[in-house]
Amino acid sequence: MGIRLGCIADDFTGATDLANNLVRAGMRVVQLIDVPPSGTGREVDADAVVIALKSRTVPAADAVEVSLRALSWLRSLGAEQVYFKYCSTFDSTPAGNIGPVTEALMDALGTDFTIATPAFPDNGRTVFKGHLFVGDVLLGESGMRHHPLTPMTDSNLVSVLGAQTTRAVGLIDHAVVADGAEAIRARIGALREDGCGMAVVDAVSNDDLVRLGAAVRGLPLVTAGSGLAIGLPANWGFKPSRAAAQLPPPGGHRAIVSGSVSVATNGQVLQYLGGGQPAYSVDPLRVAAGEDVVGQALAFAESHLDDGPVLVHSTESPDTVRTVQGRLGAAEAGELVELTLARIARGLVGQGVRRLVVAGGETSGAVVRELGVTALRIGPQIDPGVPWCAAALPDGDTLHITLKSGNFGGPDFFTDAFAVLDEETS
Ligand SMILES: Nc1ncnc2c1ncn2[C@@H]1O[C@H](COP(=O)(O)OP(=O)(O)O)[C@@H](O)[C@H]1O
Ligand SMILES: O=C(O)[C@@H](O)C(=O)COP(=O)(O)O
């Protein structure tokens, strides 16, 4: 029998976030890094496969190309339904990539309709009347308006998505969702008749997502944040379970690498620094000037790894990031910092780090690729949306790694993470 659900995630933290919710809902999940070569994968024994891409901020045509390759691989494993996972803050620009990738997947699957909802109430992401809230504020008033690569200034998802697609975008509003799966299906039918190709769906609670999950049973394609994963597995009879969350015992040094400049990560870094923990700050301007920042960071780490988790970060306030971007260009600064942090992460692993926290989706993508990791096994949850994972390094050693989405996690995330790993694996 083939897999039930084939998932395409547009970044690496998002992929573990989705895999975490599927595992907690009872599915056996394999998470793969990038698209495996065609013709491989016959040995995969799982209910769902999540392919982690780094396609959120690349040019739309490249995101479409790699997403279609992922789709084709997942279909070769017999996926019954496809799940396109994007950020719970709908990170995108008018050029894409959510709209173009969704349309390309619809065309390839030969389907005329899909849904879109980034709602993830456990992390404060709710959608009401098509407007996305981040905690108590609208998306466009949240820290996401300052995002370095995908600044989100419009909270109305019908218009945000509408600007990215040639298909008409409708709304399935909360009154319908509250009425249950039948009412949602009826609304989908009506929207289809009206010529809508996609609909943003309101959801303010997990119960809404459960109702929506039941309603989209049988749709070839769903698009969402990770929240919908709470409601989908029940369609195949899966029930919540902790069984899938066992990881082998951890060992080795501990480190944190953060290239996230999100509001939550800024708070977590400040909190960690306040505790007097060893930390090295990466200055992009010094990297651009040709200084050996990688070497300096690793020399610092070498002398502090015995004292506890070492933090290496480029996390800064929006003002400082803007200054750097003004000097180097936004995309160029992002790439430079990602590459630097990825090389530092590889060096840290070379120094014996085997428990690694990475903060930021783009950063995680760069780090995981640099480490040569090809698959992740999902373990216990630290905070909603953030599990510990186990990965095989190219030399066969096990690395415990967690990929923290920028805006996820409590203020003490960095210390909590290591405590959870010790508790859950002892
Ligand atoms: N100090 C900095 N100046 C400019 N860009 C930075 C800085 N630190 C990180 N970046 C870049 O900002 C982007 C952050 O994205 P990401 O890693 O997804 O985290 P988040 O979305 O949580 O901010 C990355 O491309 C990263 O390289
Ligand atoms: O859905 C989410 O919010 C996350 O899974 C996610 O994708 C966050 O991305 P980053 O903020 O870039 O880490």
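Note that this is a predicted model, so its numbers are computed, not measured. (Residues numbered from 1 in each chain as written. Chains lettered and ligands numbered in written order. Predicted model: local features only at pLDDT ≥ 70, side-chain atom pairs only at ≥ 80, totals over all residues.)

Trainee: Whenever I open this one, the environment of Ser-426 confuses me. Can you help?
Mentor: Looking at the secondary structure, you find Ser-426 in the segment after helix H14 (413-425). The class for Ser-426 is exposed, based on 7 C-beta atoms found within 10 Å. Counting along the chain gives 20 residues from Ser-426 to Gly-406, while the straight-line C-alpha distance between them is 28 Å. (Helix = DSSP H or I, 4+ residues; strand = E, 2+ residues; numbered from the N terminus. Buried ≥ 20, exposed ≤ 12 C-beta atoms within 10 Å, placed from the backbone.)

Trainee: Sorry if this is basic, but what is going on with the UniProt feature "domain: Four-carbon acid sugar kinase N-terminal" (unreviewed entry) in the chain here?
Mentor: Those residues carrying the UniProt feature "domain: Four-carbon acid sugar kinase N-terminal" (unreviewed entry) are residues 5-230 in this numbering. Split by type, residues 5-230 is 34% helix and 22% strand. Its first and last C-alpha atoms lie 13 Å apart. (UniProt positions renumbered as here; feature names shortened; annotations may be inferred.)

Trainee: Any chance you could explain helix H6 (residues 181-193) here in plain terms?
Mentor: An α-helical turn contains 3.6 residues, so any two residues separated by three or four positions project in the same direction. Taking 1.5 Å per residue, 13 residues should reach 18 Å; H6 reaches 19 Å between its end C-alpha atoms and fits that length. Among the residues of H6, Ile-184, Arg-187, Ile-188 and Leu-191 are the ones counted as buried. Angular distribution of buried residues about the axis of H6 spans 105 degrees; they occupy a single face of the element. Residues of H6 that are exposed and point over 90 degrees away from its buried face: Glu-182, Gly-189 and Glu-193. Close packing links the buried residues of H6 with strand E9 (168-172), helix H5 (174-179), strand E10 (196-201) and helix H7 (206-215). Looking one or two residues beyond H6, the residue adopting positive phi is Gly-195, at roughly 90 degrees. (Expected span 1.5 Å × (residues − 1). Arc of directions from axis to C-beta. Contact = placed C-beta atoms within 7 Å.)

Trainee: What exactly am I supposed to notice about the site of ligand 2 here?
Mentor: Around ligand 2, 16 residues are found, and the nearest of them are Gly-14, Ser-88, Gly-361, Ser-405 and Gly-406. Of all the elements, helix H1 (residues 12-24) adds the most residues to the shell around ligand 2, at three residues. Residues of the shell around ligand 2, tallied by class, amount to one nonpolar, 13 polar and two charged. A domain split of the shell around ligand 2 shows at least three residues from each of domain 1 (5-240) and domain 2 (246-425). (Near = placed C-beta within 6 Å. Nonpolar A, V, L, I, M, F, W, Y, C, P; charged D, E, K, R; others polar. Domains from an automatic or database assignment.)

Trainee: So what exactly am I meant to see when it comes to the pairing of strand E17 (residues 386-392) here?
Mentor: A regular strand places its side chains on the two faces of the sheet in alternate fashion. Counting buried positions along E17 gives five out of seven residues, so the element sits mostly inside the fold. In this structure, strand E16 (residues 375-383) lies alongside E17, joined through four bridges in antiparallel fashion. Bridging across to E17, Asp-383 finds its partner in Val-386. Between E16 and E17, which follow one another and run antiparallel, lie two residues, and Gly-385 among them has a positive phi close to 85 degrees. (Pairing = 2+ DSSP bridges.)

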